[in-house]
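Architecture at a glance
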Amino acid sequence: MSSQTFRKEEIPWEADPYFQQHDGQLALFQPEFMRDADCTKDTPVIHGRPDSPIYGTGKRIRPRVPGRRDSEYMKKILLEELLPLEEYDRVILLISGGKDSIASYYKLLELGVPKQKIEFWHHDIDGGNPTRRMDWRCTSHYIHAFSEAEHIPLRVSWRKNGFFGELYRIGASEPIEWQEPETCEIIQCALSKKYIECQKLKEKSPADIEKQLEQFGYRMKFPMKTGDLSRRWCSAYLKIMVADTVLRNLHNLEQLGKPDGKSGKDIRLLVVSGERRGESAGRSKYNEMEVHRTNAAAKSRRIVHQWRPVIDYSEKDVWEVLKRHKVNPHPCYRAGWNRCSCAMCIFSTPTLFAGIRELYPEDYRMLRQDEKVLGFTLDNDCDLDTFIGNAGSCVYHGDKEAIHSLVTGEFSADSVYVQGEWKYPAGAFHGAEGGPC
Ligand code: SF4
């Protein structure tokens, strides 16, 4: 694998109204939806039935719930309808390995989107950190196996050294990189001025280096458990900014596989993600479709739309899609977790953290050590041991294969689809507590 420096570093994000708008005060917008906490096996399937193909018919999808107009920013990003699906050059599906992103993928297929138009994008939250992990050991293998089984290219991107690199940051943030699906080449975004200055300082190694580095940035605390993404830095720095930066750097179709033989400008991209209203109060107010933050229609003739195709689905609807396509859910669901994404998510409940302590005692011990070193607890109020208290572990031991995957990180291609009867995983229908991301 080779490495090369590429164009733009991320844009200054503190000024981006997206970070205030999507989880802020949204009292004007109250769509109807089923909360995951109220959903059971007996909930009727409403939205999760098979879709009819519309690709190539000129039909435009409109949102079931009209988009928000409660601020100038929301008016600016409002999208009344998508383009006909066949008019997008590429459909980028943000895949976490969780059930909602998988259901979003099958929705695209059922609507008739050809596989050649789809690309999976995954953000690796650990960014190649040599010693520490925040995410499940098997997520990368699970996603690679799924993308191979479905014959969809996978583009993985990350911020170097991931969550723990950012947690212990004194100085500028690490650069963003991605791996090209076909060549496996690692591409690095241009280094920020701050980062270059920090590197120079490190080379000189002055006696007061730490103090000098601090003027370029200082993290040294866990993300805050809040909907405000300027303080919940993990979602902002390790996911949203990573995706945006990579998108801004992929300025021509050549790097997206040149699906129609086109190159250069006039690109139309559809970014698809799996958020659902039923997961949290914040997500309940999301738009189904909007103009994406990286849209640059006038400057670069690049149209980027975002679509959340399963936004109105209940948890039951989502499982129905996985059942129909016989997809084996991520091993964490089968081992008792109600949600996927980061294994040690800051929003994990005491029961989920007790499960982490059981499966990964060393990772848990190091997390406790982080609290001591930083003088800052992961929970807003108390240390992790106190937070867990007497809570029992969420781990379900009836699925040995799933536990094996979680512990070893292995996930074989043979396990992508269920052979025989598809069953709900042990973690299904236990609400959405434990993480919004
Ligand atoms: S899943 Fe949790 S820990 Fe991971 S980025 Fe999202 S909020 Fe942060």
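The notes below deal with the structure included here. (Residues numbered from 1 in each chain as written. Predicted model: local features only at pLDDT ≥ 70, side-chain atom pairs only at ≥ 80, totals over all residues. Heavy atoms only, no water.)

Details of the side chain of Asn287
Looking at where Asn287 falls in the secondary structure, it is placed in the loop between strand 7 (267-272) and strand 8 (289-291). Look at Asn287 and you get buried, because its relative accessible area is 1%. There is a polar contact of 3.2 Å between the side chain of Asn287 and the side chain of Glu290. Ignoring anything within four residues of it in the chain, the contact list for Asn287 reads Gly67, Arg68, Met74, Ile77, Arg308 and Ile311. (Helix = DSSP H or I, 4+ residues; strand = E, 2+ residues; numbered from the N terminus. Buried < 20%, exposed > 50% of the residue type's maximum accessible area, 1.4 Å probe, protein only. Polar contact = N/O pair within 3.5 Å; in protein donor to acceptor, adjacent residues only side chain to side chain. Contact = heavy atoms within 4.5 Å.)

Considerations on the packing of aromatic side chains
Under the defined criterion, the tally for this structure stands at 15 aromatic pairs. Look at Trp136 and Tyr360: their rings are 6.3 Å apart centre to centre, the planes differ by 55°, and that puts the pair in the tilted class. Within this pair, whereas Trp136 is found in the loop between strand 3 (118-123) and helix 4 (139-150), its partner Tyr360 is found in the loop between helix 11 (350-359) and helix 12 (361-374), the two being separated by 224 residues in sequence. You can call Trp136 buried: its relative accessible area is 1%. (Phe/Tyr/Trp six-rings, centres within 6.5 Å; stacked < 30°, edge-to-face > 60°.)

Topic: helix 14 (residues 400-408)
Listed in full, the buried residues belonging to helix 14 are Ala402, Ile403, Ser405 and Leu406. The buried residues of helix 14 all sit within an arc of 160° when viewed along its axis, so they share a single face. Contacts made by the buried residues of helix 14 are with helix 10 (331-334) and helix 11. Looking one or two residues past helix 14, Gly409 carries a phi angle of roughly 90°, positive in sign. (Arc of directions from axis to C-beta.)

Comments concerning unusual backbone geometry
We note that Cys184 has phi near 65°; this positive angle belongs to a residue other than glycine. The topology assignment puts Cys184 in the loop between strand 5 (176-179) and strand 6 (186-188). If you check the backbone angles, Ser205 has positive phi at about 50° while not being a glycine. Note that Ser205 resides in the loop between helix 6 (193-204) and helix 7 (209-214).

Examining the nonpolar core
Of all hydrophobic cores here, the largest spans 95 residues; its most connected members are Trp136 and Trp337. Looking at this core element by element, the count peaks at six residues for helix 8 (residues 233-249). Not counting residues up to four positions away in its chain, the partners in contact with Trp136 are His330, Cys332, Trp337, Cys340, Ser341, Cys342, Ala343, Ile356, Tyr360 and Leu406. Residues Trp121, Ile187, Cys189 and Leu269 belong to the second largest nonpolar core, which totals 14 residues. (Core = buried A, V, L, I, M, F, W, Y, C linked by side-chain atoms within 4.5 Å.)

Brief notes about the environment of Tyr286
Among the secondary structure elements, Tyr286 is positioned in the loop between strand 7 and strand 8. For Tyr286, a relative accessible area of 7% corresponds to the buried category.

A look at the packing of helix 11 against helix 12
As a packed pair, helix 11 and helix 12 sit with axes 5 Å apart at the nearest point and diverge in direction by 120°. In contact with Phe353, Ile356, Arg357, Glu358 and Leu359 of helix 11, helix 12 contributes Pro361, Tyr364 and Leu367. Within the contact of helix 11 with helix 12, the residues separate by chemical class into six nonpolar, no polar and two charged. (Axes fitted to C-alpha atoms, helices over the stretch in contact; angles between N-to-C directions. Nonpolar A, V, L, I, M, F, W, Y, C, P; charged D, E, K, R; others polar.)

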